[in-house]
Every structure is written in C-alpha cells, then in structure tokens.
Amino acid sequence: MYPLVKKSGRTREYEVIDCQGSENAQVKIYSHDFKEVSIGNYVKNKFLVRDTELNELFILKTKNSQIFKGDILEIFFMNGEYQINKINNQ
C-alpha cells in the first residue's frame, strides 16, 4: 500500500501512473464557530501518482474526475483540499 500524497502547502509535481477507481467518502460540515452542522457524502477518485522529484509513489484521493493516466500535475494542499493544476493533458 502506498502512502497518501503529503498535505503540504509547497507545490510539488506528480505524474499520474494509474487510475484506481473511486470510493465513497463522508465529510463533516462545521459552522463558523466549529459546531458540527451535518455530514455529507461524496465520491473520491483514487489515483496512483509518482513524485517527479523524489521518484516515490503515492495515492491521491480527490473529487476531481478530469485526471487521466500520463497527466503531469502540480499539487499543493490548501483549505482542506488538494489544489490541482494540470501541466499537460494526455
């Protein structure tokens, strides 16, 4: 099993190696004063990605469904979600 992509504010470059399907995820929604308001469900897509700098494999879980094998991505973590920018489209 591969580790998840690190939740870092630093932008890193990854190459998509494989699409691993999707899974249902539950998220808790909080009010501005941190009281739990509700629980939401959504689908997370799983991708096997390779860090181009470190040459290590990671799992990326995201709501983004427009990612394909061979894409080069710039990824950083902000506001509870991965921010993904495609450098190229295969």
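Coordinates for the structure precede this section.
Residues numbered from 1 in each chain as written. Predicted model: local features only at pLDDT ≥ 70, side-chain atom pairs only at ≥ 80, totals over all residues. Heavy atoms only, no water.

*Asks:* Can you lay out the sheet that holds strand β4 (residues 72–78) for me, pointing to particular residues and giving the numbers?
*Replies:* Spatially, the five strands line up as an open sheet ordered β3-β2-β1-β4-β5, and their pairing is antiparallel. Whereas interior strands pair on both sides, the edge strands pair on one side only; in this sheet they are β3 (57–62) and β5 (81–88). Averaged over all adjacent pairs, the angle separating strand axes in this sheet is 25°, with direction ignored. Where β4 lies against β5, seven bridges are found, and the strand directions are antiparallel. Counterpart to M78 in the pairing with β5 is E81. (Pairing = 2+ DSSP bridges. Helix = DSSP H or I, 4+ residues; strand = E, 2+ residues; numbered from the N terminus. Axes fitted to C-alpha atoms, helices over the stretch in contact; angles between N-to-C directions.)

*Asks:* Break down the side chain of K46 for me, citing the residues and quoting the values.
*Replies:* Looking at where K46 falls in the secondary structure, it is placed in strand β2 (residues 36–51). Of the side chains with opposite charge, E23 lies nearest to the buried K46, which makes no salt bridge, at 4.0 Å. With sequence-adjacent residues up to four places away left out, K46 is seen in contact with C19, Q20, G21, E23, L60 and K61. (Buried < 20%, exposed > 50% of the residue type's maximum accessible area, 1.4 Å probe, protein only. Lys, Arg positive; Asp, Glu negative; His and termini not counted. Salt bridge = Lys/Arg side-chain N within 4 Å of Asp/Glu carboxyl O. Contact = heavy atoms within 4.5 Å.)

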